[in-house]
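Descriptive structure summary
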Amino acid sequence: LAARPLAGKSALDIGCGAGLVCEPLTRLGADVTGVDAAGENVSAAAAHAEGVGLDIRYMAGEVGALDIGTFDLVTCVE
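Positions within a chain are numbered from 1, following the residues in the order the chain's sequence is written. It should be noted that, the model being predicted, local features are given only for residues of pLDDT at least 70 and side-chain atom pairs only at 80 or more, the latter also being counted only at that level, while totals for whole chains, interfaces and linings use all residues. Excluded from the side-chain calculation are hydrogens and water; included are all heavy atoms of the structure.

Our next topic: the environment of Gly-39. Take Gly-39: it is sitting in helix H2 (residues 39-51). Between buried and exposed lies partly exposed: a residue is buried under 20% and exposed over 50% of the maximum accessible area for its type, with that area taken using a 1.4 Å probe on protein chains only. Overall, Gly-39 belongs to the partly exposed group, its relative accessible area being 32%. It is 9.7 Å that separates the C-alpha atoms of Gly-39 and Tyr-58, two residues lying 19 residues apart in sequence. By definition, any uninterrupted DSSP run of H or I lasting at least four residues is a helix, any uninterrupted run of E lasting at least two residues is a strand, and each is numbered from the N terminus.

Here it is in structure tokens:
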């Protein structure tokens, strides 16, 4: 059985790009939202996540302009 230390937690990845941080967070049990200013990045990330069976909410736009809720964990890598 895989460890899921983030089960029951919500996570936001700002500037998610292709989802390279979102996918491991999801595998660790988090309910993940990825936001990127570039719509093409969000499209690629969503397609990949769907292809590997991961349920990740991706949104395109500026994070300050989106009504996305609150989170237990926020990442912004690179």
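Moving on from the model shown.
Right, let's talk about the sheet that holds strand E1 (residues 10-14) for a bit. Any two strands with at least two DSSP-identified bridges between them are counted as paired. With parallel pairing, four strands are arranged side by side in an open sheet as E3-E2-E1-E4. Each edge of the open sheet is held by one strand with a lone partner, namely strand E3 (57-60) and strand E4 (73-75). For this sheet the average axis-to-axis angle between neighbouring strands, irrespective of direction, equals 15°. In what follows, residue pairs with any heavy atoms lying within 4.5 Å of each other are defined as contacts. Comment: axis = line fitted to C-alpha atoms, over the contacting stretch for helices; angle = value between 0 and 180 degrees taken between N-to-C directions. Of the strands in this sheet, strand E2 (31-36) and E3 touch H2, which is tilted by about 165° from E3.

Looking now at the pairing of E3. Here E2 pairs with E3 via four bridges, running parallel. Bridging from a neighbouring strand, Gly-34 pairs with Tyr-58 of E3. In this fold, the crossover linking E2 to E3 by way of H2 has right-handed handedness. By convention a crossover is right-handed if, when the strands point away from the viewer, the path from the first strand over the helix to the second runs clockwise.

The next point concerns the side chain of Thr-75. Topologically, Thr-75 is positioned in strand E4. The exposure class assigned to Thr-75 is buried, which follows from its relative accessible area of 17%. A distance of 2.8 Å separates the side chain of Thr-75 from the side chain of Asp-13, its partner in a polar contact. Residues in contact with Thr-75, not counting those within four places in the same chain, are Leu-12, Asp-13, Ile-14, Val-21 and Leu-25. What qualifies as a polar contact is a pair of N or O atoms within 3.5 Å, subject to a donor-acceptor requirement within protein and to the restriction that residues adjacent in sequence count only when both atoms come from side chains.

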